[in-house]
Amino acid sequence: MDKIIELINKAEKINELSKEEIILILQSSEFDQELLNAADRARKKFVGDEVHLRGLIEFSNICKRNCLYCGLRASNKNVDRYRLQPDEIIELARKGVSYGYKTFVLQSGEDEFYTIDKIKYIVEKIKEFDVAVTLSIGEKSFEEYKAYKESGADRFLIRIETTDKDLYEAMDPGMSHEERKRCLSDLKALGYEVGSGCLVGLPNQTIESLAEDILFFKEIGADMIGIGPFIPNGDTPLKDEKGGDLNLSLKVMAITRLLLKDINIPATTAMETLNPNGRIMALQSGANVVMPNVTEGEYRKMYALYPGKICVNDTPAHCRGCITGKIQRIGRTVSNTKGFRRK
Ligand code: SAH
Ligand code: SF4
């Protein structure tokens, strides 16, 4: 039997692969569909056919950081900035509840307008709707993460972006890889469900480092992993780079499913930007979560991490119906639970 098929079978059977074995799978291309199919079977076996929908609220595109890949970086003068007031954010969640969402992801740039007290107020109010709350607001101190947790936040998303320290520090000027890892370990210690993930296709990123990313996700005991292709943004220093490839992103995601069998894995929006069927392809290659946008109006367009973002002219109600239809057409169901990691 071919070596690659053997490795895929091994991963499916024992949920373990060495770094060298992951590299072999990522470098080959002959058995990509077999890999994606194996991840789909693992998804079905360990987390089932339900797809968890998280309503994404993009509440501020103001950011003090300067990540080279991101359109929200502080130095980008070509983006119109906005910041929603706490009560506006709570109102978006209230409407989201009426569309059926049981979880909200509150995401923003690193915007210091939102003090500890403001975030606590927002989380406490949204928790009154009996939903799970995920924060994705960047690097904070242990005390800040602790305060949010005490106010009721359930989960936190912060991607490591890449485990290649030199690449990370080149991509995120002024940020430290140690500090990023400190955030992840503090969040874990505080009892959050911890989400991380990486970008695929950063300039100078190697296959070896992608293999290390997957093993890192396992090592930190991540509860959720989001993997997305890097999409070059014309308003950033990386505008002329090539960007990530959907197939490689799906493969990294599929191996992540095989090795971290029971975690939650979103079909990322960036995948759909590269292919109109990208999220469905992801849901059939290991993913079990989708994060439809519940941000309203012009703000959707203005939250421009990368170009070609999907659904910028749609309403939250439309997105909910659209994704539900797509999920049902592939024989899956939309979960009506809060979608915590299956233990
Ligand atoms: N400021 C927070 C959350 C918002 S950014 C943070 O950085 O954690 C959310 C994610 O968007 C980042 O983790 C990054 O992986 C992704 N992202 C940013 N720019 C991107 C691009 N050009 N292509 C694809 N994903 C991008
Ligand atoms: Fe800011 Fe996050 Fe974009 Fe970095 S990735 S510039 S922290 S919004």
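Chemist: Kindly report on helix H3 (residues 32-47), identifying the contributing residues and their values.
Modeler: Between its first and last C-alpha atoms H3 spans 22 Å; for 16 residues at 1.5 Å apiece the expected length is 22 Å, and the two agree. Every buried residue of H3 is accounted for by Asp 32, Leu 35, Leu 36, Ala 38, Ala 39, Ala 42, Arg 43 and Val 47. Looking straight down H3, one finds that the buried residues subtend no more than 155° of arc, so they occupy a single side. Where H3 is buried, its residues meet helix H1 (3-14), helix H2 (19-27), helix H10 (246-259) and helix H12 (278-283).

Chemist: Quick rundown of the state of the cysteines? Include the residues and the values.
Modeler: Under the defined criterion, the tally for this structure stands at 0 disulfides. Take Cys 311: it sits in no disulfide, and the sulfur closest to it among the cysteines is that of Cys 319, at 4.3 Å. Look at Cys 311 and you get partly exposed, because its relative accessible area is 24%.

Chemist: Any chance you could break down the environment of Gly 100 for me, citing the residues and the numbers?
Modeler: Mapped onto the secondary structure, Gly 100 falls in the loop between helix H4 (86-99) and strand E3 (103-108). As a C-alpha pair, Gly 100 and Ala 317 span 217 residues in sequence and 9.8 Å in three-dimensional space.

Chemist: Tell me about the site of ligand 2, and please be specific about residues and values.
Modeler: Every residue near ligand 2 is listed here: Cys 63, Arg 65, Cys 67, Tyr 69, Cys 70, Leu 72, Arg 73 and Gly 109. Tallied by class, residues from the shell around ligand 2 come to 5 nonpolar, 1 polar and 2 charged.

Chemist: An account of the site of ligand 1 is requested, with residue identities and associated values reported.
Modeler: Among the 16 residues in the neighbourhood of ligand 1, the closest are listed as Tyr 69, Ser 108, Arg 159, Glu 161 and Ile 231. Contact distances for ligand 1 include 2.6 Å between an oxygen atom and a side-chain N or O atom of Glu 161. Look at ligand 1: alone it shows 550 Å² of surface, and the protein chains cover 92% of it. Classifying every residue of the shell around ligand 1 gives 9 nonpolar, 4 polar and 3 charged.

Chemist: Describe in detail unusual backbone geometry, supporting the description with residues and values.
Modeler: Its identity is not glycine, yet Asn 204 carries a phi of approximately 70°, on the positive side. Within the secondary structure, Asn 204 sits in the loop between strand E6 (193-200) and helix H9 (207-219). In the Ramachandran plot, Cys 311 falls in the positive-phi region, its phi being about 60° despite a non-glycine side chain. Turning to its location among the elements, Cys 311 is positioned in the loop between helix H13 (299-302) and helix H14 (316-329).

Chemist: Before we move on, could you go through the nonpolar core and cite the residues and values that matter?
Modeler: The biggest cluster of nonpolar side chains holds 98 residues, and the ones touching the most others in it are Leu 106, Ile 126 and Leu 135. With residues near it in sequence (within four places) discarded, Ile 126 still touches Ile 89, Ile 90, Ala 93, Phe 104, Leu 106, Val 131 and Val 133. Within the second largest apolar cluster, 6 residues are counted, among which are Leu 56, Val 105, Met 224 and Val 289.

Chemist: Before we move on, could you go through the pattern of salt bridges and cite the residues and values that matter?
Modeler: Throughout the structure, instances matching the rule amount to 31 salt bridges. For Glu 21, the salt bridge goes to Lys 10, with nearest N and O atoms at 2.9 Å. With Glu 21 in helix H2 and Lys 10 in helix H1, this pair connects stretches of sequence that are 11 residues apart. A salt bridge links Glu 179 to Arg 182, with the nearest nitrogen and oxygen atoms 2.4 Å apart. With Glu 179 and Arg 182 both in helix H8 (residues 177-189), this residue pair falls 3 residues apart, about one helical turn. If you follow the salt bridges from partner to partner, you end up with Arg 65, Glu 110, Glu 139, Glu 161 and Arg 180 in one network.

Chemist: Could you give an account of the packing of aromatic side chains, with specific residues and numbers?
Modeler: Two aromatic rings, taken as a pair, are described by how far apart their centres are and by the angle between their planes. A full pass over the atoms with the stated rule returns 7 aromatic pairs. With centroids separated by 6.0 Å and ring planes inclined at 85°, the aromatic side chains of Phe 156 and Tyr 192 adopt a geometry described as edge-to-face. Here the residue Phe 156 occupies a position in strand E5 (residues 155-157), and Tyr 192 occupies one in the loop between H8 and E6, the gap between them amounting to 36 residues. With relative accessibility at 3%, the residue Tyr 192 sits in the buried group. Every member of this aromatic cluster is reached through a ring pair, and the members are Tyr 145, Tyr 148, Phe 156 and Tyr 192. Above the plane of the ring of Tyr 192 lies Lys 149, whose end atom (NZ or CZ) is 5.6 Å from the centre. Stacked on the ring of Tyr 101, the Lys or Arg Arg 320 has its end atom at 4.6 Å from the ring centre.

Chemist: Lay out the sheet that holds E3 in plain terms, naming residues and giving numbers.
Modeler: Pairing within the open sheet is parallel, and its 6 strands lie in the order E2-E3-E4-E5-E6-E7. The open sheet is flanked by strand E2 (55-60) and strand E7 (224-229), the only strands paired with a single partner. This sheet shows a mean twist of 20° between the axes of neighbouring strands, independent of strand direction. Note that E2 and E3 share 5 bridges and pair parallel.

Chemist: How would you explain the pairing of strand E1 (residues 50-53) if you had to name every residue and give the values?
Modeler: Two faces belong to every sheet, and in a regular strand the side chains alternate between them. By the bridge criterion, 2 bridges tie E1 to strand E9 (residues 333-334) in an arrangement that is parallel. Across the sheet, residue Glu 50 finds its bridge partner in E9, namely Thr 333. The pairing of E1 with strand E8 (residues 289-290) spans 2 bridges and is parallel. By the bridge assignment, His 52 is partnered in E8 with Val 289.

Thresholds, definitions, all that
- Residues numbered from 1 in each chain as written.
- Chains lettered and ligands numbered in written order.
- Predicted model: local features only at pLDDT ≥ 70, side-chain atom pairs only at ≥ 80, totals over all residues.
- Heavy atoms only, no water.
- Helix = DSSP H or I, 4+ residues; strand = E, 2+ residues; numbered from the N terminus.
- Expected span 1.5 Å × (residues − 1).
- Buried < 20%, exposed > 50% of the residue type's maximum accessible area, 1.4 Å probe, protein only.
- Arc of directions from axis to C-beta.
- Contact = heavy atoms within 4.5 Å.
- Disulfide = S-S within 2.5 Å.
- Near = heavy atom within 4 Å.
- Nonpolar A, V, L, I, M, F, W, Y, C, P; charged D, E, K, R; others polar.
- Polar contact = N/O pair within 3.5 Å; in protein donor to acceptor, adjacent residues only side chain to side chain.
- Areas by Shrake-Rupley, 256 points an atom, 1.4 Å probe, with all protein chains shown as cover.
- Core = buried A, V, L, I, M, F, W, Y, C linked by side-chain atoms within 4.5 Å.
- Salt bridge = Lys/Arg side-chain N within 4 Å of Asp/Glu carboxyl O.
- Phe/Tyr/Trp six-rings, centres within 6.5 Å; stacked < 30°, edge-to-face > 60°.
- Lys NZ or Arg CZ within 6 Å of the ring centre and 35° of its normal.
- Pairing = 2+ DSSP bridges.
- Axes fitted to C-alpha atoms, helices over the stretch in contact; angles between N-to-C directions.

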